Amino acid sequence: MASIELQNITKIYSDAKRKRDLLAIDDVSLTVERNEFLCMLGSSGCGKSTLLNMIAGFEKPTKGTVTVGGKPVDGPGADRGMVFQQANLMPWLPVWENIAFHLRLKGWRKADRRAAAQEFIDLVGLKGFENHYPAELSGGMSQRVGIARALLMNPQVILMDEPFAALDAQTKMDMQEELVAIWQKQRCTIVFVTHSVDEALVLGTQVAVLTSRPGRLRERIELDLPRPRDITSPRFNDHKRHILNLIREEGLQQRQVAAA
Amino acid sequence: MTALSKSWERAVVPVLILAAWEIVSRSGLLPAALLPAPSVVLHSWADWVFGFDETAQANSGRWLADALSSAVRVAAGYGIAVATGVLLGIAIGWWSWVERAIEPTIQMLRPVPPVSWIPVAIIWFGIANKPAIFLVFLGAFFPILMNTIHGVKTADRNLIRAASMMGATEQQLLRHVVFPAALPSIFAGLRIGIGAAWMLTVTAEMVAVKSGLGYVLWDSYYFLRYDLVLAAMASIGLLGYVTDALIKLLMSAALHWQHASTLQSREG
Ligand SMILES: Nc1ncnc2c1ncn2[C@@H]1O[C@H](COP(=O)(O)OP(=O)(O)OP(=O)(O)O)[C@@H](O)[C@H]1O
Ligand SMILES: [Mg+2]
C-alpha cells in the first residue's frame, strides 16, 4: 500500500492585501511507497514547503486530496513526524523533555518519559546533553533533538523541510549519514525537501524535481545507487548532470517567460 | 568581585542620601517637625513596630497589624487580578472571537485611572476591605492582562505547529506551549502589577478604609506627625520591595531556562 498519495493537488494562496491570487502548486500527483526516501528538489519559492505542509496538514490543498496510510489528511497529527528547518524546540524544556514531548502529551509519568527518551538520545548521539536547554545547544545538536523528537513517535512517515540547510558541511555530512542509518533501521517513509542536488542524491531512493513557480512535477527519478553513496562515482555524476540540466532548462524557460 | 564589595556598592547611594538628610534636618534649616531627621523617623518607626516608649502614641506596637491588613488587601486583590488577568489574557490572545467580543470594552475601561473608581467602589462596597481589594484588583489587572495577551500573541507559531504535529489538542497547546511561551511576558505584567497593587492599597486606605499603612500615613498627616508619615512611606516601600523580590525569585525559578540566552547571564 502506498504510504503517501497526492492526487491532483493544486494550491492557490489568495493574497488579500495585494488583491491577487498566487498559484503555488499546479496539479501535482505523486505517490510515495512505503520505506521510500523521497527527496524533493526545486528552486526557492517553487512550493516545496507548501507541498510538505499539505502532507503535514498545516495547509489544505485548494484542489485535490492528500492521503497518508490510506486516510485523508485533515490536520496535523502524530501519525506523521515533522522535522523543521529551524529545530523549533521548546526553549523551556531540557533536551530529554523535548524529545519526549509526545509522551508528555499522552500523559506519561516523568520517570517513564525519561526512560523512553534515552533510546533516542543515544540514537542521535546526544548522550551527556540530556539536561541541556535548547539555548545551550549548537545548531546541529538542536537539529538532532528535532529528529529524535520525530522518531520517538515512531511514525510511519517523516517529513523533513530542509533540516540541514543551516549546518556546516562537516556536520551536514555526519547528519546525512546518521539519517540514512536511522531510516534503514526504523523502516519508515521519508519525504525530504532540499534544494541541494548533492544532498538529494546522497540520501534518496527517489528524487522528485519540481518546476519553478507554479510548482509542477517535472520529473521523478529512481536512484538505484549503492549505499554508502559515492559522490565521485560516474553513475552519481550522471544523475547529477541530468538533474542540473533539468534545473537549468527550467531557469531558461523562466527567463523567457519573464522576457515575453 | 567579592560578595561583600558588591553589597557595598548597593549600600553607597542610600547611605549618602540618609547622611545628607540627617545633616540638613539637624542644621535647623527647616523646623524639625516638617523634616524629621532619619534618626527620629527610625525611633518612631521602632516604637510603632515594637511599642517600647509610646513615641508613636496610639500606633505604638501596632505596625505588624497595620502592615498585615495592608498586605492582606494586596494579596486578595492581586490574587484575583493574577487569576483573571492571566486566564482572560490567554483567552483573548488565543481566540480571536473572544478578542473581538471583549477587547473594545477592556480598552475603554483601561485608561480610566483606578483611583477614579473610589466613589463607585465606596457606594458598591461600603467602607471596609472590599473597596480596597477592588481597587487593588483594578490596578493590577490591566498590566497583567495586557502583558499576557502580548505574550500569547507573540508565541512562536512554529512551536505550536511542532506540538500539534506531535498530537497536541487545543487545550494541550494552551497548557504546554502557549502558556510557557507567554510566561516571560506574564511575569513582566506581574511585576508591574504588584507595584500598582501597593499604590492602590495605600490610596484606598487613605480614603476608604480605617486601617493599614495608608491609613496610618494619612492619619499621622492630620496630626502633623511627619516622622510617622515618613515611617509609613518607608514601610510601604519596604513591603513593596520585598513582594517584588519574591516575584523576582519566583520568576528566576520559573524562567531559569532563559539564563543561557539572555543578558541576565552576564551577572553570573
Ligand atoms: N502562507 C502563504 N501565503 C501566501 N503565499 C505563500 C504562503 N506560503 C507560501 N507562499 C508562496 O507560495 C510559493 C511557494 O512557497 P514555498 O514556501 O512552498 O516555497 P519553497 O519551495 O519551500 O521555497 P524555499 O526553498 O525558499 O523554502 C512562494 O511564492 C510563496 O511566496
Ligand atoms: Mg521552504
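Here the structure is a predicted model, which means the values were calculated and not measured.

A. How the structure looks around the overall build of chain B. Helix and strand counts for chain B come out as 10 helices and 0 strands. Projecting the C-alpha coordinates of chain B onto the three principal axes gives extents of approximately 75 × 55 × 30 Å. Within chain B, buried positions represent 43% of all 268 residues. In chain B, the share of contacts with a sequence separation of at least 24, taken over all contacts with a separation of at least 6, comes to 66%. In the structure as shown, chain B presents an accessible area of about 14400 Å², 71% of it carried by carbon and sulfur atoms. Positive and negative side-chain charges of chain B, numbering 17 and 15 respectively, have mean locations separated by a distance of 10 Å.

B. How the structure looks around the site of ligand 1. All names here are of chain A. Around ligand 1 there are 13 residues in total, and Ser44, Gly45, Lys48, Ser49 and Thr50 lie nearest to it. Gly47 has a polar backbone atom sitting 2.9 Å from an oxygen atom of ligand 1. Here an oxygen atom of ligand 1 sits 2.6 Å away from a polar atom, N or O, in the side chain of Ser49. Relative to its free-state accessible area of 640 Å², ligand 1 is covered by the protein chains to the extent of 65%. Among the secondary structure elements, those contributing two or more residues to the shell around ligand 1 are strand E2 (20-33) and helix H1 (48-56). Residue composition of the shell around ligand 1, grouped by class: 4 nonpolar, 6 polar and 3 charged.

C. A look at the sheet that holds strand E8 (residues 189-194) of chain A. Residues and elements named next belong to chain A. Sheet architecture is open: 6 strands sit in the order E6-E7-E8-E3-E9-E10, paired in mixed fashion. Two strands close off the open sheet at either side, each with one partner strand: strand E6 (80-83) and strand E10 (217-222). Pairwise comparison of adjacent strand axes, ignoring direction, gives a mean angle of 15° for this sheet. Packing of H1 onto the sheet brings it into contact with strand E3 (37-41), E6, strand E7 (157-161), E8 and strand E9 (206-210), and relative to E7 it is tilted by some 150°.

D. Structural view of the pairing of E6(A). All names here are of chain A. With burial as the criterion, each face of E6 is covered, one bearing Arg80 and Met82 and the other bearing Gly81 and Val83. As paired elements, E6 and E7 share 4 bridges and run parallel to each other. Within E7, the residue paired with Val83 across the bridge is Met160.

E. Main features of the interface of chain A and chain B. In this assembly, 24 residues from chain A lie in contact with 19 residues from chain B. Between chain A and chain B, the buried area comes to about 2000 Å², and carbon and sulfur atoms account for 72% of it. Sorting the residues of chain A by area buried against chain B places Phe58(A), Trp92(A) and Leu105(A) first, and these three jointly supply 34% of that buried surface. If you look at where chain A meets chain B, you find 0 salt bridges. Across the chain A-chain B interface, the total number found is 4 residue pairs in polar contact (both at pLDDT 80 or more). Those elements giving two or more residues to the side of chain A that touches chain B turn out to be H1, E6 and helix H3 (101-105) of chain A. Counting residues per element, the side of chain A that touches chain B draws most heavily on H3(A), at 4 residues. For the side of chain A that touches chain B, the residue count by class is 15 nonpolar, 4 polar and 5 charged.

F. The arrangement of H1(A) in detail. H1(A) sits mainly inside the fold: 8 of its 9 residues count as buried. Gly57(A) sits one or two residues past H1(A) and shows a positive phi near 100°.

G. Spatial organisation of the side chain of Thr203(B). Structurally, Thr203(B) is set in helix H8 (residues 170-207). Owing to a relative accessible area of 17%, Thr203(B) belongs among the buried residues under this scheme.

Rules used throughout
- Residues numbered from 1 in each chain as written.
- Chains lettered and ligands numbered in written order.
- Predicted model: local features only at pLDDT ≥ 70, side-chain atom pairs only at ≥ 80, totals over all residues.
- Heavy atoms only, no water.
- Helix = DSSP H or I, 4+ residues; strand = E, 2+ residues; numbered from the N terminus.
- Buried < 20%, exposed > 50% of the residue type's maximum accessible area, 1.4 Å probe, protein only.
- Contact = heavy atoms within 4.5 Å.
- Areas by Shrake-Rupley, 256 points an atom, 1.4 Å probe, with all protein chains shown as cover.
- Lys, Arg positive; Asp, Glu negative; His and termini not counted.
- Charge placed at Lys NZ, Arg CZ, Asp CG, Glu CD.
- Near = heavy atom within 4 Å.
- Polar contact = N/O pair within 3.5 Å; in protein donor to acceptor, adjacent residues only side chain to side chain.
- Nonpolar A, V, L, I, M, F, W, Y, C, P; charged D, E, K, R; others polar.
- Pairing = 2+ DSSP bridges.
- Axes fitted to C-alpha atoms, helices over the stretch in contact; angles between N-to-C directions.
- Buried area = accessible area lost by both parts, 1.4 Å probe.
- Salt bridge = Lys/Arg side-chain N within 4 Å of Asp/Glu carboxyl O.

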